[in-house]
Each structure stands twice: as structure tokens, then as C-alpha cells.
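A closer look at the structure
As a plain string of letters, each chain reads:
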Amino acid sequence: MQQSATRKDSSSCFSSLSRHAIEFSSVSRLYPAGSVTALEDITLGVRRGEFLAVVGPSGSGKTTLLNLMSGLDQPTQGSVLINGAEPESAVKWAWLRARAIGFVFQSFQLLPAFTALENVQIPMFGVVKSRAQRLDAAHDLLHRVGLDAKRHRYPDELSSGEKQRVAIARSLANSPSILLADEPTGNLDSRSSEAVMHLLQDLSRAKRLTLVVVTHNHAIARDADRVVELFDGRIASLTEKGGL
Amino acid sequence: MRLVHIIIRHLVQRPVRTAVTVICVAAAVGGFTVLTGLGRGLETAWNGSLVKQGTHLMAHRKGVMNLLTGAIDERIADELKAVEGVESVSTELIDVITLESGASVLVRGWPGDSVLWGQVALISGRLPDPHSRDQVVVGEGLAQSLDIQAGGVLSPFGGELRVAGVARLDNVLGNNSLMMPLSGLQDLLDRQGKITVVHLRVEGGDHEKGLETARARLSEKYPQFLFVAAQTAAQENELYRFWRGMSWAASLVGLIMGLLIVFNTMLVAVLEKTREIGVLNAVGWSGRRIITLIMLESLALSAAGGLAGIACGYLGLKLLVLHPKLQGFILVAPSWSALAEQSAVILAIGLGAGLIPAWRALKLNPIDALRER
Ligand SMILES: Nc1ncnc2c1ncn2[C@@H]1O[C@H](COP(=O)(O)OP(=O)(O)OP(=O)(O)O)[C@@H](O)[C@H]1O
Ligand SMILES: [Mg+2]
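Quick summary incoming for the structure in this document. Keep in mind the model is a prediction, meaning the values are calculated, not measured.

Further remarks concern the overall build of chain B. In terms of regular secondary structure, chain B is built from twelve helices and twelve strands. The C-alpha atoms of chain B give 28 Å as radius of gyration, which overshoots the globular expectation for 373 residues (21 Å, by more than 25%). When its C-alpha atoms are laid out on the principal axes, chain B stretches across 90 × 45 × 30 Å. Of all 373 residues assigned to chain B, the portion counted as buried reaches 51%. Here the contacts in chain B between residues at least 6 apart in sequence split such that 79% fall between residues at least 24 apart. On chain B, roughly 17,100 Å² of surface is accessible, and the fraction owed to carbon and sulfur atoms is 61%. Across chain B, 34 positive and 32 negative side-chain charges occur, with their mean positions spaced 14 Å apart.

Our focus in this paragraph is the pattern of salt bridges. All names here are of chain B. One pass over the structure, following the stated rule, counts 23 salt bridges over all chains. Across the pair Arg17 and Glu272 runs a salt bridge whose closest N-O atoms are separated by 2.8 Å. Taken together, the positions of Arg17 in helix H2 (residues 15–52) and Glu272 in helix H8 (residues 238–272) put the pair 255 residues apart, joining distant regions of the chain. Residue Glu272 is classed as partly exposed on the basis of its relative accessible area, which comes to 49%. As a salt-bridge pair, Asp78 and Lys81 come within 3.8 Å of each other at their nearest N and O atoms. Taken together, the residues Asp78 and Lys81, both in helix H3 (residues 76–81) and three residues apart, mark about one turn of the helix. You can call Asp78 exposed: its relative accessible area is 54%. If you follow the salt bridges from partner to partner, you end up with Asp134, Glu160 and Arg162 in one network.

Here the structure, examined in full by the defined rule, presents seven aromatic pairs over all chains. Geometrically, the ring pair formed by A:Phe125 and B:Trp285 is edge-to-face, given 5.7 Å between the ring centres and 65° between the ring planes. Of this pair, A:Phe125 sits in the loop between helix H3 (116–121) and helix H4 (131–144) while B:Trp285 sits in the loop between helix H9 (274–282) and helix H10 (287–320), each in a different chain. Neither A:Phe125 nor B:Trp285 differs from the other in exposure class; each is buried. On the basis of an interplanar angle of 75° and a centroid distance of 5.4 Å, the ring pair of B:Phe32 and B:Trp248 is categorised as edge-to-face. Placement of B:Phe32 in helix H2 and of B:Trp248 in helix H8 is noted, with a sequence separation of 216 residues between them. Judged by relative accessible area, which is 34%, B:Trp248 ranks as partly exposed. An aromatic cluster is defined as three or more aromatic residues linked by ring pairs; in this entry it consists of B:Tyr222, B:Phe225 and B:Phe227. Over the ring of A:Trp95 we find A:Lys92; its NZ or CZ atom is 4.8 Å from the centre of that ring. Lying over the aromatic face of A:Phe125, A:Arg134 brings its terminal NZ or CZ to 4.5 Å of the ring centre.

With that out of the way, let us pick up the pairing of strand E3 (residues 51–55) of chain A. If a strand is regular, its side chains alternate between the two faces of the sheet. All names here are of chain A. Counted residue by residue, E3 has five buried out of five residues, so it is predominantly covered. A two-sided burial pattern is seen for E3, the buried positions comprising Phe51, Ala53 and Val55 on one face and Leu52 and Val54 on the other. Here four bridges tie E3 to strand E7 (residues 210–214), and the two strands are oriented parallel to one another. By the bridge assignment for E7, Phe51 is matched with Leu211. Judged from the four bridges that link them, E3 and strand E8 (residues 226–231) form a sheet pairing that is parallel. Within E8, the residue paired with Val55 across the bridge is Glu229.

About the cut-offs
Residues numbered from 1 in each chain as written. Chains lettered and ligands numbered in written order. Predicted model: local features only at pLDDT ≥ 70, side-chain atom pairs only at ≥ 80, totals over all residues. Heavy atoms only, no water. Helix = DSSP H or I, 4+ residues; strand = E, 2+ residues; numbered from the N terminus. Rg over C-alpha atoms; globule rule 2.2 N^0.38 Å. Buried < 20%, exposed > 50% of the residue type's maximum accessible area, 1.4 Å probe, protein only. Contact = heavy atoms within 4.5 Å. Areas by Shrake-Rupley, 256 points an atom, 1.4 Å probe, with all protein chains shown as cover. Lys, Arg positive; Asp, Glu negative; His and termini not counted. Charge placed at Lys NZ, Arg CZ, Asp CG, Glu CD. Salt bridge = Lys/Arg side-chain N within 4 Å of Asp/Glu carboxyl O. Phe/Tyr/Trp six-rings, centres within 6.5 Å; stacked < 30°, edge-to-face > 60°. Lys NZ or Arg CZ within 6 Å of the ring centre and 35° of its normal. Pairing = 2+ DSSP bridges.

Take it as geometry only, folks, not as evidence of what the structure does.
If you want it as C-alpha cells, here you go:
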């Protein structure tokens, strides 16, 4: 993927010297309960605007890696930098999740009591001040994921593929520069899998987002700029696209 | 969508629980409104009536729980009249008597030359003959509720009282009582030579300072009596204070129950919504916003119940004071101080009940929360 040096994104307010959107240096995550080492001594830079796929067997630490990238979890050792700076508090992490980091989950995580249109607006509270702007933005996002017609449906009234498209729209609510997806197609059949992945890639390419996708799906990994393979909490391999 | 829409959606999502919680808070706040409203109504009626009829200070016997049982020798009037600064003195014998119809009425005996008769504006009939033993004048409100006119007869415990006239007085207590010559009432009650209270007008008595000076002087000279200012007569009454203490205690129990119900509802809501709170956290909601959401939800429950409770409470009060045993003793009127008290109670329930649930929500581990099914 080509990267223009003059590109502007919502992260430009951070130290822009770093060419990495996310940087792990010697990161370990230990679970004292059962003394499990979910991740051990991971050093990894995710380049701005790249599509990085994370693969590995079950229990290898993929979800843990993603949770550390979003600040939902904290490393027991090492440091995580977002756009060149280390978020030093939970408040700062929440601020980043609201504005710079979008998240897509395997199990969609839509709020059942709210329509598609409302779910997309949830992250905008406190970021987009006016109600009308929130509504406009949500309309626009649902249009982009092709769900105009179903915007007033509740999650229960949507297919799995549609739910995930709503979730993608929600993850883009505040125009983040980083999009993290944990097995976004894990609960989808192969047809909607493909549609959702194309959507993710198209949207992130259009906005030049940094996209990190955890997946078991080799087809998805093939499309990525780089693939990192985890095994037992360590990086087993890191492959550039050209190298495949 | 606004924050209030999220809150409303949450509340209507579990309609039965919300309704039960709101009803419980309404019952608690309604009880509080009625109990404190009765007290306030009594104060308004009593103090207001004393002030309106021109009393500055009221004297009664010290050390009696019930003012009505305290007896004073009527000859005290002449002594009090001689005290420096005292402008006028009016004696009064008061009691509550039960008529054969079951109604309790306030009956007041005044000497024939008392200035208190000045407030009696006849609308029919005439004033009682000062030497009569059985003639009364009936306040307009009481006459209406007893459905009696001039010329009629009232029968308290076997005796007979003739209604000489019906009068309008510009204070609730007077408008809802029987007034008769002092000696007649003393005979009726077998309390010859006795009175219950003395009303005094004093120099400078319209101002707090003058009132306090007179009160201090009188209290020193007559330590066996309690001199109370008309404006605060009710509050200084032992029986009333006792009753008010009881009613506060009863209300408090209700309010604590209301708080616990809201607390329970909110705690269950937070536990149920663990996953949703995890989602809010993941999409970048700050801890402060999550706390705000839960506190506002708790406040919404308490406010909905509280407002319903206040409305029902006032309605209840209005109906309650129509009861023949209470009529005329209590004046129900909405007041700012009552509203402030009620708002404080609603706020306390809402905030108090939401605190721990909000804290629980804040302390949730987002990863565990998202894993919740
Ligand atoms: N809260 C926890 N307490 C203890 N151990 C944990 C906890 N969460 C994860 N682990 C362990 O950490 C390791 C990595 O877990 P992780 O969820 O990151 O794996 P994964 O690669 O995402 O697996 P999967 O493909 O099944 O989703 C596993 O051995 C897991 O059992
Ligand atoms: Mg996983």
C-alpha cells in the first residue's frame, strides 16, 4: 500500500514523527490467575495505514494483543505507544478509544435495546456535540455500509452479516485512524464473511486507516500488507506481502 | 439521540420493574408529603389564625403536654394587664368537644367584653347574649359542614347549645369553631373560674425585637407560664412537637425503604447490563459519562416516583382535611419550603441509591464485561 507523506488524519495532533500507529516494545501480559503468560516479550510496530493480519492457533494471544492495542487491557511489562505517545491513564485510553481507535468484535456487541441508527451514535456522545450532527453522521455511516433501508431495525431483526456491518459503521463513528477487529467474520457464513472483509478493507483504504484484523481465515490474511503469526504468546513469524 | 433517550429506553425496557420501583418511591414520598403536610397545615392554620386575630403573645401553663388540659385562674388577666408594655389582655377557655354526630369541634369561650369578639362578623342571626349559658355563634365553615343555621341546636354529650348566629372570621381556626361566652363554657365543661390561654398584645409586638423584650419581661415575672409568639405557637407546642417527631420518624422509614428499592433496581440493572457497560467502555465512553448515565437513571426513577408521590400526597391531604375530625384544624397550601424539602428528598433518594451501582459499573473490568453473555 502506498502511503503519502502529507496525509492528514485524526492522529496528527500526536507526535507525528513516529511512522508507527501502534508500537509494542517488549510487551508481556501475564495472568496471575493460573500464571498464564498470554503474551511474552512482544516488540512490534504497526505502520500507519497498513493492513496487518494477526493469525495463530487458539490461545496464542491474539485477542490479548488487540486488547492491549486498545487499552482495554494493560501490559504487565513493556510499553504500548499509540501514534508515538504512551497513553498514561485510563482516561487517556478512553479518550483515544472515543476518537482514534475503532473496535469491531467477533460477537458484534451491539446494544439490543437500540436500533442500528442509534447504535452507531453511541460512540459519538461526548465527541460530536450536536444531536443533529450525530444523526447525520450515523445516517451517512449506515449508508456507507449499505444499510440505509434497515437503519430503524433492532439488532435482533438483522442477520449476522448485517449486524457486523452496523458494528463496522459504529467503529467508524468518530473517524478513528486505527481500526481493530477481532475475528470480525468469526460468526459469519462465507458469503457475508467476504462482504464484511471487503467492506472493512474498502473503508479503511478510503480513509487510510491502520487496520489490524485477527483472523483464522487464510483468504483474509492473504489480502493483508503484513501477517504476524503468534504462537504461545510469542511472534512466530512476521511476513510482508511481497514475501508470500 | 440524547442521553435522556438512552435512559428512557433503559427504563421502558423493563417496564414491570420500573413501575414497581416508581410506585414504591411514590408511596414513600407520598407518605412523607402527607405526614409533613399535616404538620405544616396545622402550623399554618394555628399560627396564622393567632396572628390574624391580633395576638402577639399567647400565655399558657408550663409543663403540660396538652395545652388544652392546662388550667389558669381567670383572675390572672387583671395582673397581666398591669404589666408594663402590655396593651391588652384577652382570656380564653378552649376545648375540643364531640357532638352527637361524631364531629369534633373546637369550642372557645370569651368574656363578654373581650376584644376577640371583634373578629366575629355575623352573616346571620345575632351574637350570644353575654349572660346566657347555652348560646353559641358558629363559624361559617363549621356551620356548613355541620349543616346548621341560626336557630338550630347542637348536642354535645347530652347537653344542648343553641345557635344564636353564624359568623365569618378571617382565620381558619375561628371559621371552624364554636364561640360562646366564657361563663357558659366554664359551666358546660365544669371548669368554673378557669381559662386555658391568655392572648396578649404588647407594645412593639409587631416587630421581633419588641416581642422578645415583652416576652422576656413576662417570662421572668410569671415563670409558671409559657409565653409563646403567635408566629411560632405551633412549633413551641409540646404535643405538636412530639407528633411531628413521630411523623418524621415514620416518613423516614418509608423514605429509606424507597431508597433501598431504587438501589436494588439500579444494582440489578448494572449487573444485567454488564456487557453493555463493557461496550460503552470499549467505544470510548469515559468513566464519568458512564457514572452520569447510571446516576441519571437512578434520579429518573426517584423523580418519577417522587413527583407522583407529591401529587398523590397533596390529593390525599386535601381529602384528609375534609374529614370531620380534622376540618378547620389544618390548612393545606403548597409552599416553597415544602417543595424544597420534597425536592431534597427526591434528590437524596436518586443520588443515594445510584452511588454504589454507579461505582460497580465504573469498576467493571471491560474485558470481562464484554465476555458476559
Ligand atoms: N482473564 C484471563 N485469565 C487467565 N488467563 C487468560 C485470561 N484471558 C486469557 N487468558 C489466557 O491467555 C492466553 C491467550 O488468550 P487469548 O484470548 O489472547 O487467545 P486467542 O489467541 O485470542 O485465542 P482464540 O483464537 O481462541 O480467541 C490463553 O491461554 C488464555 O487462556
Ligand atoms: Mg481471541
